[in-house]
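Examination of the molecular architecture
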Amino acid sequence: MFDIGILTAVTLNGLTVGAIYALGALGLTLIYGVLHIINFAHGSTLMMALYACFFLHQRAGVDPYTALLIVPPAFFVLGYALQRYLIAPLGFGKDINVLLVTLGISIILDNLALYLWTSNTRNIDIPQAQMFVELGDISLALPKIIGVAASIVVGLLFWLLMTQTDLGKAIRAVARERRGARIVGISVDHIFAMSFGIGSACIAVAACLLIPTYYVTPKVGDGFVLIAFTTVVLGGMGSFIGALLGGLFLGVVEAWSGLWLGESLGQIGVFIIFILVLLFKPNGLFGQRNT
Amino acid sequence: MTNMKRQTQVMLVLILALVLIPLFVSSKFWMGFWVMLLFHALIGQSWNILGGYGGQTSYGHAVFFGTGAYVTAVMQTHFGVNAWAGAGVAIAAGAIVGLFIGAVSFRYGLRGSYFALVTLAFAEVFRVIVNAWDFTGSGFGMLLALKPGAAHMQFADRQWFYYLVLLLTIMATGVAMWLESSRFGAHLVAIRENEDAAKALGINTFRVKLKAIVISAALAATAGVFYMQYFLFVDSHIGYGPSMSISALLVPLIGGPGTVLGPFIGALSLGVLSEITKHTMGDSPGANLMAYGVLLLVVLRFLPNGLMGLFRGRS
Amino acid sequence: MAVLEVDNISKSFGGLQANAQAHLKVEPGKITALIGPNGAGKTTLFAIVSGFVIPDEGRVTFLGQDITGMQPFDICRLGLVRTFQIVQPFAGLTVRENIAVGAHLRERNRSAALDKASALAAKIGMKDMLDKPAQSLTIAGRKRLELAKALATEPRLLLLDEVMAGLIPTEVSEMTEMIRIIRDSGVEILLIEHLMQAVMSLSDHIYVLNNGRMIANGTPQDITANPQVIEAYLGHGAADA
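Attention here is on the structure that accompanies the text. All values reported here derive from a predicted model rather than from experimental measurement.

Counting residues in each nonpolar core, the largest one holds 275 residues, and the members touching the most others are Ala-49, Leu-50, Cys-53, Ala-207 and Phe-274 of chain A together with Ala-221 of chain B. Lining this core are residues from two domains, each supplying at least three of them: domain 1 (4-89 + 155-240) and domain 2 (90-136) of chain C. Sequence-distant contacts of Leu-50 of chain A, that is, excluding residues within four places in its chain, are made with Ala-207, Leu-210, Ile-211, Val-216 and Val-220 of chain A.

The structure is reproduced here in structure tokens:
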């Protein structure tokens, strides 16, 4: 039962999933760090992106890795518009209102998907899914390895964006001091929308990487929302490194709980961690303390 | 004061009208419509106590509802307990869950968005557990044996279910009215408006919030018991899934949070919207909730105080 | 017996020492003021006295009872109530409902509490605003409401945190008069204030806090002549100027 081989395999698998969680968490952390809102529609965005990849593959024969050039940019634009023209005006700037707005959006998206595409599970078949990479005794599906590699690349690009570009500096300025940023001429509304767009694009990338080994239903976003939040809270709301490490950690936790508690019960591992972190360390393990 | 009198008058008229409904409704379908409408008013009122009056928005109210449904099912199916006794145990169980979640969340000062997320997480934990556990029917859910008769809280004539849920809804509304005219209610509302100021004026905010969540949970569990007796079936998704949590919060939010009549207005609006959606978009799953989502956004845009805001005339 | 005794209170937040061995006494019948430059630690001291912050060291005694570390609501029930520097109204409620929250501390019955609130509002000149939502009040109105809420709890000691801030001169005079009336009705008062004219005209005894430490205390005359106080406000060497 506690065979080291199985544990290693499970851990490695967990890490590969965790890399994807980390990507999703990156996007959510950006949105939280800059806008200080908890984006409830994050899971629904993932779900929509998965459907986008699915239909691109089914109708146009575009494989998910090529879709990386199409879906994330599209979702960047959609995310930008969503924040600028729907969330911001409806939120009146009040925390609990914004949460409700994103809840409303997630309800609409989830059920739109259900209405249009039913609850039938979809998945796609690509040749890479049948290929495996040997790591000693363990073989991992190729898409998972690609997932990790791509996550690292995206993570690096993200870091470059935030530290080396003017946009990144503006984003960090707004995250730290909204009013001050406005005074020096930064369009805060634009930065908010950009952050939301980038966050959505990250989630879209995660979808492209996820779809070869995952399934697509309207409900797929639900569980993801909590996992993404757990990652963000665990890593410390607003810390990117924390989100990355948190994602990896949760991927492993999920894999281990699945191993020990069985498939159906395994999901609680993450939720319990979430509850514990919220109760005992709401600023996470890496977070900045809110004054 | 006059506001209170006016509300009481409106409530009495409303109750009278509701009591008379079965006299005008003959079709099973429409009777069912009214039953579900009151059911939603009931669970909406339960959310209203904690979220509307208390300002603690829970996104996982299903955790209390599902407990009510499952515990009474388990009591009757596995322990052969009578339906009414089972209901008592179930409501107590719901209250205990409320006590636990409240104690843990409020002790650590969880507010706003964090509290919303934690309630959601708890609902998910319960959902996964009942879905995996054979004792609670795992993926198949739980079925109650059909035993028509008042002694078993099952009625062959839908009309009696209507009167039962009406009674429960009146009871829940009575709690809301009590909040409007009691010190406890004043304390709860003060906490909603400004928790620190409330503390500074001598209010034990932890204890007040805890009481509120226990009451709210007990009422939601009552709704769960009713659901179980009416439909005779529950599964992890119905009991602890997001659908019921969303209904619980939408009803009072749309109708007017923190008001006695809000849940009724909200339940009516959602009920009507539901029927309209069914006729225009067909019975496809998802159409309903999608319409609700749109309504929520519309309300957030134009009426931050819900539809009651129109009646109250407050800025 | 002193109404309030603050002994040796120290508190630091991270690296910042907000209060260091701070001490003060409020004697019955004397309006006591706590003054000092910005960032001296005055509001922190208030927060500690009223139970919102737990001190690292030291003791707070109220009417002979040790209240250090007690919960804010228990302290309030004993008769010590504070107002906030940044006013904290119950925004969505009316003025009457706001004041009634305070009244409920001593009054269980809803309508009795509302009646008490109306009576209190009339006494402090807010009778016309009873049905207005708190968020529609001007800054002067909100300050007065803050005061009314606190008074409704029937306190023995009232902690006023910069209650004059943001008021124009006529409003300051009105507030000053109101504070005197409150004192005359038997309520002890400890106030934090920046407005020197108000401090000088109201206070019987003044404590000066600088960088978390008490640097002086005495009558208004003592304080204005004290070189350390002058330096604290105007900078090093100012006393010699």
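That shown, we press on.
Successive side chains on a regular strand alternate, one facing one side of the sheet and the next facing the other. Residues and elements named next belong to chain C. As paired elements, strand S3 (residues 32-35) and strand S9 (residues 205-210) share 4 bridges and run parallel to each other. Across the sheet, residue Leu-34 finds its bridge partner in S9, namely Tyr-207. Judged from the 5 bridges that link them, S9 and strand S10 (residues 213-218) form a sheet pairing that is antiparallel. The residue of S10 that forms the bridge with Ile-206 is Gly-218. With antiparallel pairing between neighbouring strands as the criterion, S9 and S10 make up a hairpin whose turn holds 2 residues, including Asn-211 at a positive phi of roughly 50°.

A separate point is the interface of chain B and chain C. If you look at the interface, chain B gives 20 residues, while chain C gives 23 residues. Elements with a contribution of two residues or more to the side of chain B that touches chain C: helix H7 (183-193) and helix H8 (195-200) of chain B. Tallying contributions element by element places H7 of chain B first for the side of chain B that touches chain C, with 6 residues. Among the residues making up the side of chain B that touches chain C, the classes are represented as 8 nonpolar, 7 polar and 5 charged.

Comparison of the 2 pairs of chains in contact shows the highest number of contacts for chains A and B. Taking C-alpha atoms only, the smallest gap left between chain A and chain C, which are not in contact, amounts to 10 Å.

Residues and elements named next belong to chain C. Strand order in this open sheet of 6 strands is S6-S7-S8-S3-S9-S10, and the pairing throughout is mixed. Each of the sheet's edge strands pairs with one partner strand only, and the pair in question is strand S6 (80-82) and S10. Averaged over all neighbouring strand pairs, the angle between strand axes comes to 15°, with direction disregarded. Of the strands in this sheet, S9 and S10 are in contact with helix H9 (residues 227-234), which crosses S10 at around 130°.

Residue and element names in this part refer to chain C. One open sheet holds the 4 strands; their spatial order is S2-S1-S4-S5, and the pairing between them is antiparallel. With partners counted over all chains shown, the strands left at the sheet margins are strand S2 (16-26) and strand S5 (65-66), one partner each. Note that strand S1 (residues 4-13) and strand S4 (residues 57-62) share 5 bridges and pair antiparallel. Bridge pairing links Glu-5 to Thr-61 in S4.

Parameters at a glance
Residues numbered from 1 in each chain as written. Chains lettered and ligands numbered in written order. Predicted model: local features only at pLDDT ≥ 70, side-chain atom pairs only at ≥ 80, totals over all residues. Core = buried A, V, L, I, M, F, W, Y, C linked by C-beta atoms within 7 Å. Buried ≥ 20, exposed ≤ 12 C-beta atoms within 10 Å, placed from the backbone. Domains from an automatic or database assignment. Contact = placed C-beta atoms within 7 Å. Pairing = 2+ DSSP bridges. Helix = DSSP H or I, 4+ residues; strand = E, 2+ residues; numbered from the N terminus. Nonpolar A, V, L, I, M, F, W, Y, C, P; charged D, E, K, R; others polar. Axes fitted to C-alpha atoms, helices over the stretch in contact; angles between N-to-C directions.

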